[in-house]
Amino acid sequence: MFWEKDIETMPRNQLEELQLERLKWVVDYADRNVEFYHKKFEAAGVTSEKIKSLADVKYLPFTTKADLRDNYPYGLCAAPKNKIVRTHASSGTTGKPTVGLYTRNDLENWANQVARLAVAVGVTSDDIIQIAFGYGLFTGALGLHYGLEKIGCDVIPASSGNTKRQLMLMEDLGVTGLVATPSYAMYMSEVAKETGAKLDALRIGLFGSEGCTPEMAHKIEKNFHLFATDNYGLTELNGPGVAGDCIEKTGMHFAEDHFLPEIINSDTLEVKDRGEEGELVVTTLTKEGMPMIRYRTKDITRLHYDACPCGRTHVRMEKVKGRSDDMMVIKGVNVFPSQIESVLVGMAEIGGHYQLIIRRDAKYRDTLEIKVELIDGSLLENFKALEDLQARINAKLREVLRLDVKVSLVQPKTLERFEGKAKRIVDLRDQVE
Ligand code: DLL
């Protein structure tokens, strides 16, 4: 099923022509309306005239989160202030937030992008969808809300928290779809098991806003008896709707008519070859409120340009491996939390909750302890079974990470639960041991 079939299945050469036309537009638009971009383009000696092909995007300067902070709140606003009809902000807890500014056209495009990814996984106007993202400055709730409403779904703006009440509503209203972070969905599914909530109508989970390995998604699918899908976005690029799964789940289709993605090497800043892993950089092609030129997302992924059986021609983005900020260097080995999650959560004895504790030893080396919850706490009393599980976890971690780390198995329900994005890394490095 398609929301905007002509665009979603547009032959690549046509799509790239459209992208080129829009790229020239946004460069010119940003140059004329945002002093920050004008100065940066001038310093780099580039104007829209220099953009003759999509590859010429490489001449444009990057934009970073620091640039957004320095120009907070309206420095990157490209539209007349009275044309801004919505302001969102990132969920960051320290310092000034990152704002997202939207014109009426931006809101219209955004709702279509979200509708597109929901329809791509089978959502229809018959669906009753509960949104368990926190409503507020966060883009997730309102982003999904307007996109799903556009399809004609019955949208329940439950917001996050009060889990038992959420489950009661889901049962009473015959909810067919759940929107949440994967970590909150995992938690909700456990509470549903405890309370015996009858969620017979539930069939689809539209999850996103944080990483979720296939192993974690599979666990949620099993607990909740639904089809779990992933979607990606960030406040700087509207919010959700940048990329989303189709039913084939072979990667999230990028809304390439609105966003131009690239993969770069974060150290050299060179553009990588197609299919290579690196940092995702995105240029908005239609945004009026706050266009982004080569925005460095810090998210590590790969793009696949080969055909998808669903018929969509838009590039597929692999599940995010992690943020470059979250990469840990343990005994000289680069480790992403997602690699650990895939090992742990893939094991039958392990639940969906874990914590990664980074410490710094007296020789200033970083060490990692993984705390992970068992599904059945009685295992802790069976020394042989426990030893066997520890050995299997360690062997698997060694195979995937080439690293020996301390693993502590803990009782069920002892680690913190999250209603929004999970915070699994506990960084104790400023407390040298
Ligand atoms: O999380 C937007 C969003 C809301 C996307 C709802 C999908 C669903 P921010 O709060 O600005 O925006 O956080 C953006 O979250 O750079 C990624 O690191 C991470 N992220 C978002 N979606 C995914 C995903 C929203 N599907 C930051 N997988 C991004 C992995 C994700 N990481």
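Small disclaimer: the values here were computed from a predicted structure and weren't measured. (Residues numbered from 1 in each chain as written. Predicted model: local features only at pLDDT ≥ 70, side-chain atom pairs only at ≥ 80, totals over all residues. Heavy atoms only, no water.)

Considering the pattern of salt bridges
For step 1, the next point in the chain: Applying the stated rule across the entire model yields 34 salt bridges.
For step 2, the next point in the chain: Between glutamate 277 and arginine 302 there is a salt bridge, with the nearest N and O atoms lying 3.6 Å from each other. With glutamate 277 in the loop between β10 (259-264) and β11 (278-284) and arginine 302 in the loop between β12 (295-301) and β13 (303-304), this residue pair connects regions lying 25 residues apart in the sequence.
For step 3, the next point in the chain: Accessibility expressed as a relative area gives 26% for arginine 302, which makes it partly exposed.
For step 4, the next point in the chain: Note that glutamate 373 is salt-bridged to arginine 417, the shortest N-O span being 2.8 Å. With glutamate 373 in strand β19 (residues 366-374) and arginine 417 in the loop between β20 (406-410) and β21 (425-427), the pair connects residues that are 44 residues apart, well separated along the chain.
For step 5, the next point in the chain: Among the residues examined, arginine 417 registers a relative accessible area of 18% and is labelled buried.
For step 6, the next point in the chain: One connected set of salt bridges, linked through shared partners, spans Arg12, Glu16, Glu256 and Arg274. (Salt bridge = Lys/Arg side-chain N within 4 Å of Asp/Glu carboxyl O. Helix = DSSP H or I, 4+ residues; strand = E, 2+ residues; numbered from the N terminus. Buried < 20%, exposed > 50% of the residue type's maximum accessible area, 1.4 Å probe, protein only.)

A few points about the site of the ligand
For step 1, the next point in the chain: Neighbouring residues of the ligand: 21 residues in total, closest Ser209, Asp230, Asn231, Thr235 and Asp299.
For step 2, the next point in the chain: Within the side chain of aspartate 299, one N or O atom sits 2.6 Å away from an oxygen atom of the ligand.
For step 3, the next point in the chain: One nitrogen or oxygen atom from the side chain of arginine 323 is found 3.0 Å from an oxygen atom belonging to the ligand.
For step 4, the next point in the chain: Taking 600 Å² as the accessible area of the ligand by itself, protein coverage stands at 94%.
For step 5, the next point in the chain: Taken together, the elements giving at least two residues each to the shell around the ligand come down to α6 (139-151), β7 (227-234) and β8 (239-244).
For step 6, the next point in the chain: Among the elements that line the shell around the ligand, the one with the most residues is β7, at five residues.
For step 7, the next point in the chain: Looking at side-chain class alone, the shell around the ligand contains six nonpolar, 10 polar and five charged residues. (Near = heavy atom within 4 Å. Polar contact = N/O pair within 3.5 Å; in protein donor to acceptor, adjacent residues only side chain to side chain. Areas by Shrake-Rupley, 256 points an atom, 1.4 Å probe, with all protein chains shown as cover. Nonpolar A, V, L, I, M, F, W, Y, C, P; charged D, E, K, R; others polar.)

What about the sheet that holds β11?
For step 1, the next point in the chain: With respect to topology, four strands assemble into an open sheet ordered β10-β11-β12-β15, the strand pairing being antiparallel. Taken across any chain shown, the strands that pair with only one partner, and hence form the sheet edges, are β10 and β15 (322-323).
For step 2, the next point in the chain: Two elements, β11 and β12, share four bridges in a ladder whose sense is antiparallel. By the bridge assignment for β12, valine 281 is matched with arginine 296. (Pairing = 2+ DSSP bridges.)

Thoughts on the packing of helix α5 (residues 104-119) against α6
For step 1, the next point in the chain: Remark: α5 packs on α6, axes separated minimally by 7 Å, with the N-to-C direction vectors making an angle of 75°. Accordingly, the angle class assigned to the pair α5 and α6 is roughly perpendicular. Mapping the contact onto sequence places Glu108, Trp110, Ala111, Asn112, Val114, Ala115, Ala118 and Val119 in α5 and Thr139, Gly143, Leu144, Tyr146, Gly147, Leu148, Lys150 and Ile151 in α6. (Axes fitted to C-alpha atoms, helices over the stretch in contact; angles between N-to-C directions. Parallel < 35°, antiparallel > 145°, perpendicular 65-115°, else oblique. Contact = heavy atoms within 4.5 Å.)

So, the packing of helix α2 (residues 12-33) against helix α3 (residues 35-44)
For step 1, the next point in the chain: Two numbers describe how α2 lies on α3: the axes approach to 5 Å, and their chain directions differ by 110°. It follows from the interaxial angle that α2 and α3 lie roughly perpendicular. As for the relative orientation of α2 and α3, their crossing is left-handed in sense. Residue-level contacts link Val27, Ala30, Asp31 and Asn33 of α2 to Glu35, Tyr37, His38 and Phe41 of α3.
For step 2, the next point in the chain: Class assignment for the residues of the contact of α2 with α3 results in four nonpolar, two polar and two charged. (Left-handed = near helix turned anticlockwise from the far one by under 90°.)

Looking at helix α8 (residues 182-195)
For step 1, the next point in the chain: Between its terminal C-alpha atoms α8 stretches 20 Å, which fits the 20 Å expected from 14 residues at 1.5 Å a residue.
For step 2, the next point in the chain: Inspection of α8 places Pro182, Ser183, Tyr184, Ala185, Met186, Met188, Ser189, Val191 and Ala192 among the buried residues, and these make up the whole buried set.
For step 3, the next point in the chain: Check the buried side of α8 and you find it contacts α7 (163-173), β5 (177-180), β6 (204-208), α9 (214-224) and β18 (350-360).
For step 4, the next point in the chain: Phi turns positive, to about 70°, at glycine 196, one or two residues after α8. (Expected span 1.5 Å × (residues − 1).)

Remarks on the domain arrangement of the protein chain
For step 1, the next point in the chain: Per the domain assignment, the segments making up the protein chain are domain 1 (1-323) and domain 2 (328-427).
For step 2, the next point in the chain: Computed over C-alpha atoms, the centres of domain 1 and domain 2 are 30 Å apart.
For step 3, the next point in the chain: With 24 residues of domain 1 at the interface, the matching set in domain 2 holds 22 residues.
For step 4, the next point in the chain: Taken together, the two surfaces of domain 1 and domain 2 that pack against each other cover about 1,800 Å², and 56% of this comes from carbon and sulfur.
For step 5, the next point in the chain: Of all residues in domain 1, Met216, Lys219 and Lys321 give up the largest surface area on contact with domain 2, accounting jointly for 29% of the area buried on that side.
For step 6, the next point in the chain: Scanning the region where domain 1 abuts domain 2 turns up two salt bridges.
For step 7, the next point in the chain: When residues of the side of domain 1 that touches domain 2 are traced back to their parent elements, those giving at least two are α8, α9 and β15.
For step 8, the next point in the chain: Here the element with the most residues in the side of domain 1 that touches domain 2 is α8; it accounts for six residues.
For step 9, the next point in the chain: In terms of residue class, the side of domain 1 that touches domain 2 is built from eight nonpolar, nine polar and seven charged. (Domains from an automatic or database assignment. Buried area = accessible area lost by both parts, 1.4 Å probe.)

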